[in-house]
Amino acid sequence: MCPKCREPMIIVEFQGVEIDCCVECGGRWLDAGELTWIAELAGAQPGKISEAIERAAPGPRVDRRCPRCMRRLRAITVAADEPIELDRCPKGHGLWFDAGEMQAVIGAFHDGEDGEVARLLGELHHGKLESKSKGE
Ligand SMILES: [Zn+2]
Ligand SMILES: [Zn+2]
């Protein structure tokens, strides 16, 4: 269930990673460890990303719930050129990215051309759209 709008999420498989995507808000849930794998695929720096997330300043609990344990997520602010606010499960199940935030995080820890990141995330978006036609 989407932590934000509480709609069921769809699972998109991306290069062996299962990503929960919300078709309503475009947000994505990554289980613990999946972000570093995606970062690696995107040519970003997984070590730096996990370090930045470890060090992120914890903020207040938010009115969003972990899709795994239903606990309220806690906002964290990841230090990058432009600080990025994510939501994390207090039990460490994973991270919630609002639409566009995953791209922002990967872009922030990416050395080279952004083209590859954009391509990978574009594929992801495409996969999301193909996995389900939204017709309730
Ligand atoms: Zn949603
Ligand atoms: Zn949890």
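The rules behind each value
Residues numbered from 1 in each chain as written. Chains lettered and ligands numbered in written order. Predicted model: local features only at pLDDT ≥ 70, side-chain atom pairs only at ≥ 80, totals over all residues. Heavy atoms only, no water. Donors = N, O, S within 2.8 Å, 3.2 Å for Na, K, Ca; no water. Tetrahedral: all angles 85-135°; square planar, octahedral: opposite > 155°, others 65-115°. Salt bridge = Lys/Arg side-chain N within 4 Å of Asp/Glu carboxyl O. Helix = DSSP H or I, 4+ residues; strand = E, 2+ residues; numbered from the N terminus. Buried < 20%, exposed > 50% of the residue type's maximum accessible area, 1.4 Å probe, protein only.

Enquirer: For this particular structure, what's the right way to read the coordination of the zinc ion (ligand 2)?
Expert: Ideal donor angles around a metal are set by the shape: a four-donor tetrahedron calls for 109.5 degrees, a six-donor octahedron for 90 or 180 degrees. The zinc ion (ligand 2) binds to the protein through C66 (SG), C69 (SG), C89 (SG) and H93 (ND1), with metal-donor distances spanning 2.0 to 2.3 Å. Coordination at the zinc ion (ligand 2) is tetrahedral, judged from the 4 donor atoms that bind it and the angles of 100 to 123 degrees they form at the metal.

Enquirer: Explain the pattern of salt bridges to me, please; I cannot follow it from the model alone.
Expert: When charged atoms on two side chains of opposite charge get close, those side chains can pair. Evaluation of the coordinates by the stated rule reveals 7 salt bridges. The salt bridge partner of D63 is R6, with a shortest N-O separation of 3.5 Å. Residue D63 is found in strand β4 (residues 57-65), and its partner R6 is found in the segment before β1 (10-14); the two are separated by 57 residues along the sequence. Looking at D63, the relative accessible area reads 54%, which means it is exposed. For R6, a relative accessible area of 39% translates into the label partly exposed. Between D87 and R64 there is a salt bridge, with its nearest N and O atoms 2.6 Å apart. You can see D87 sitting in strand β6 (residues 84-88) and its partner R64 sitting in strand β4, a full 23 residues away along the chain. Three or more residues joined by partner-sharing salt bridges are found here, namely K4, R64, D87 and D98.

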